[in-house]
Amino acid sequence: MLLPSLALTLLLAVPPPPSVTLDAAKARADVALLRRALETLHPGLHRYRGKADTQAAFARLEAAASRPITDLALWREVSLLLAGIHCDHTKAELPVALEAWRRTQPTHLPLRFKLIEGRMIVVSNDGQPGAPPAGAELVALNGIPVPQVLITLGRTVAYDGSTDQAIAAKLGSDSDLMGDDFNEAWPAFHGFPQRWELDWKRSGELHASHASLEPLPFPRWTALPWPGSPYRDEFYKAIHWWLDGKVATLRIDTFVNYRNPVDAEAFLGGFFKTLKARGVEHLVLDLRESGGGSDDVAVTLGRYLLPKPFVWSKPALLKAVRYGDLPQHLESWGNRQELFEPPLDGFRRTKDGAWERLPRPDESSRQLQAPLPDRFTGRVTVLTGPMNASGATMVLAQLKEKGNARLVGEESAGSAEGPTAGHIFLLTLPHSGLRIRIPNAWNRTNVDHFLAGRGVPVDETVLPTLLDFEAGRDRVAEIAKDSAPPAIPSMASALAGSWSGTLDYRDFGNDRRVVLPTLLTVTGEGEEARLAFTFDDGPGKTVRASQVLRIRADGGQLETGEGDATGSMRILERRGGSDPRELTLVAEGSGHENGATVEVRTVLSRRGDVLSLARLTRRPGEPFLLRHAYRLSPRP
């Protein structure tokens with residue numbers, strides 16, 4: 001009789017979440033205040049979504065608030081509306097009491113993960129018995145297939161414009177709120193977990209394993225090993241640099257310099273003096289982890305890297321400078337009088353009714369900036385990726401346009417044209433306690449070349465692969481430093497031979513994973529490879545299939561053929577390696593899945609005696625997710 005009592009005691013030891021249920025009148029009042037604030041304050045409310053679609057989104061939110069609703073459910077509905085604005089600075093925070101509860105009670109997934117090749121790959125765990133090890137892939141969480149989880153939670157992720165490549169990155173790491181967007185959003189859709197029931201497998205294995213794990217408190221989750229920037233990193237401790245002959249690497253993981261500010265010019269000065277003294281010829285600036293931060297860091301980087309005097313920003317645009325009674329519900333940093341009742345002579349009214357802020361003497365981003373004496377004059381390569389946003393993306397746009405920098409990696413998120421940011425007003429909804437971040441200005445980058453709604457494109461695409469992760473390789477950094485790229489093997493020479501392994505695919509009906517033993521024979525010549533597959537689909541059931549892969553003579557397209565079906569995909573990356581047989585080939589195109597048009601990505605990797613061939617698909621506003629993958633080794 002002691003064990004049930006002990007279990008009950010342990011259950012009662014965790015206090016229930018301090019959630020509240022609002023009646024329809026209070027819920028509608030909160031939604032009405034939110035709508036009024038967004039329509040009054042937000043200069044980017046209709047920047048990426050038409051007014052009709054915005055009205056429809058408000059109508060859906062108002063319908064959800066027409067009946068009793070919990071604060072957590074209201075957070076979910078509000079977050080779905082805010083994500084549709086496509087502004088990375090517009091998002092919902094939990095009520096103070098509920099957030100405080102989450103920061104002390106065990107609710108987090110007891111591991112860290114990255115989405116690689118559309119798969120949820122474990123990076124680290126907290127050491128519980130049976131926990132999936134680093135490199136393992138999660139295939140289901142609490143009985144829900146991973147694709148369904150990621151698509152659902154991904155709908156709440158805030159990102160700028162059409163940079164939906166940020167969804168995959170932010171689900172795994174977001175130095176904000178609850179640390180990543182997966183743990184932030186899970187309870188609003190699935191409740192607070194008592195346990196995490198995880199199905200996982202290693203790549204190439206026929207069968208999945210199961211783990212039943214305790215949730216992790218937030219402080220212990222933030223302490224889990226992670227190769228990127230830690231939670232709420234700060235500029236003064238986010239700088240790492242090293243020298244390798246005439247090549248230097250400077251990694252800056254965040255520009256946040258307002259919690260514990262330092263003089264950015266002095267802080268970076270020692271590094272750039274060293275480059276000058278050592279005669280460094282090539283600087284690799286690694287900004288892949290930076291989501292932005294403070295203007296002073298960005299402008300200082302410009303002064304150390306740009307060859308001519310520059311003005312960093314165009315005039316910021318505000319939708320309003322008088323807010324009626326809204327300030328009683330708003331908080332922000334700085335002087336409230338200056339924020340909510342600024343002198344009108346500090347603005348110029350534009351033809352379309354916006355308020356253009358005039359330059360201020362203390363606004364470094366609007367003043368002409370001169371290069372510093374220790375400015376770096378050599379070659380600059382910048383490493384970029386989907387974690388980039390806000391001020392980091394503005395830096396990329398400036399370095400590309402004014403500094404002739406070479407960008408390597410993946411296209412950034414954020415807005416090259418400039419984000420909707422400025423001061424972030426925190427609106428507290430009085431009945432639910434939800435707190436809504438609303439930016440008050442459109443900060444515009446002083447560049448002439450950009451794609452509206454996009455980040456900054458790269459000069460050389462390098463996409464991390466699962467085989468890279470398993471080998472602990474950072475190919476982006478390798479390629480950035482490599483002055484003589486290795487030869488690229490032909491398609492036939494890299495793939496030719498007899499292979500055995502597995503086909504691992506997502507069932508079209510229920511998203512659950514099926515793994516089949518597979519044999520592959522590859523023949524061909526030059527840039528054409530003919531693939532003949534044999535699948536063991538159960539006792540007495542053998543299935544055969546064939547496929548042709550061909551690279552066009554211009555090297556820009558991958559042609560595919562399966563039976564009578566043919567297709568063509570644009571090649572994003574095609575590289576060799578130190579091993580003459582090493583090949584990385586990434587191509588994208590379009591296709592159909594369950595009657596819907598989808599983007600398709602093919603990732604082919606040959607590393608030593610391992611061949612991986614994966615197909616990923618996605619619809620707009622979703623992350624790329626695995627459709628199927630072959631994992632093969634040479635047959636004797």
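Each remark here, short or long, concerns the structure printed above.
Residues numbered from 1 in each chain as written. Predicted model: local features only at pLDDT ≥ 70, side-chain atom pairs only at ≥ 80, totals over all residues. Heavy atoms only, no water.

## A closer look at the overall build of the chain
1) Next: Within the chain, the regular secondary structure consists of 16 helices and 33 strands.
2) Next: For the chain, the C-alpha radius of gyration of 26 Å lies close to 26 Å, the compact-globule estimate for 636 residues.
3) Next: By principal-axis analysis of the C-alpha atoms, the chain measures approximately 80 × 75 × 50 Å.
4) Next: Residues counted as buried form 54% of the 636 residues belonging to the chain.
5) Next: In the chain, the share of contacts with a sequence separation of at least 24, taken over all contacts with a separation of at least 6, comes to 66%. (Helix = DSSP H or I, 4+ residues; strand = E, 2+ residues; numbered from the N terminus. Rg over C-alpha atoms; globule rule 2.2 N^0.38 Å. Buried < 20%, exposed > 50% of the residue type's maximum accessible area, 1.4 Å probe, protein only. Contact = heavy atoms within 4.5 Å.)

## Brief notes about the side chain of Asp88
1) Next: Checked against the element boundaries, Asp88 lands in the loop between helix 4 (71–83) and strand 3 (91–93).
2) Next: The residues contacting Asp88, other than those within four sequence positions of it, are Ala158, Tyr159, Asp160, Lys170 and Ala389.

## Points about the environment of Arg619
1) Next: By the secondary structure assignment, Arg619 is in the loop between strand 32 (610–618) and strand 33 (625–634).
2) Next: Its relative accessible area of 41% is what places Arg619 among the partly exposed residues.
3) Next: The spatial distance from the C-alpha of Arg619 to the C-alpha of Val600 is 9.2 Å, given a sequence separation of 19 residues.
4) Next: Residue contacts for Arg619: discarding those within four places in its chain leaves Ile151, Thr597 and Val598.
5) Next: Side chain to side chain, Arg619 and Glu622 meet in a polar contact 3.0 Å long. (Polar contact = N/O pair within 3.5 Å; in protein donor to acceptor, adjacent residues only side chain to side chain.)

## Let's talk about the nonpolar core
Across soluble globular proteins, nonpolar side chains show a tendency to be buried alongside one another.
1) Next: Met120, Leu141, Phe182 and Ile436 are the most contacted members of the largest nonpolar core, which totals 77 residues.
2) Next: Sequence-distant contacts of Phe182, that is, excluding residues within four places in its chain, are made with Leu109, Phe113, Met120, Leu141, Val149, Leu153, Leu171 and Trp196.
3) Next: Ile239, Leu306, Val395 and Leu396 belong to the second largest nonpolar core, which has 40 residues in total. (Core = buried A, V, L, I, M, F, W, Y, C linked by side-chain atoms within 4.5 Å.)

## Here we look at the sheet that holds strand 20 (residues 406–409)
1) Next: The six strands lie next to each other as 12-13-14-19-20-23, forming an open sheet whose pairing is mixed. Of all the strands in the sheet, just strand 12 (239–244) and strand 23 (460–461) have a single pairing partner and so form its edges.
2) Next: Pairing geometry for strand 19 (residues 379–384) and strand 20, over four bridges, is parallel. When the sheet's bridge partners are listed, Thr381 is paired in strand 20 with Arg406.
3) Next: In the packing of helix 13 (residues 390–402) onto the sheet, contacts are made with strand 14 (282–286), strand 19 and strand 20, and the angle to strand 19 comes to roughly 150°. (Pairing = 2+ DSSP bridges. Axes fitted to C-alpha atoms, helices over the stretch in contact; angles between N-to-C directions.)

## Comments concerning the environment of Leu285
1) Next: In this structure, Leu285 sits in strand 14.
2) Next: Once residues lying within four places of it in the same chain are set aside, the contact partners of Leu285 are Leu250, Ile252, Leu305, Thr381, Val382, Leu383 and Leu399.

## Brief notes about the sheet that holds strand 31 (residues 596–607)
1) Next: Spatially, 24-25-26-27-28-29-30-31-32-33 is the arrangement adopted by the ten strands of the closed barrel, whose pairing is antiparallel. This sheet shows a mean twist of 25° between the axes of neighbouring strands, independent of strand direction.
2) Next: Bridging between strand 24 (residues 497–506) and strand 33 involves seven bridges; their strand directions are antiparallel. Looking at the pairing, Thr502 lines up with Arg631 of strand 33.

## Remarks on the pattern of salt bridges
1) Next: All chains considered together, the criterion is met by 54 salt bridges.
2) Next: Among the ionic pairs, Asp362 bridges to Arg360, the shortest N-O distance being 3.4 Å.
3) Next: The shortest N-O distance in the salt bridge between Asp537 and Lys541 comes to 3.4 Å.
4) Next: Here the residues in one salt-bridge network are Asp88, Lys91, Glu93, Glu99, Arg103, Lys170, Asp176, Arg232, Arg435 and Arg437, joined through shared partners. (Salt bridge = Lys/Arg side-chain N within 4 Å of Asp/Glu carboxyl O.)

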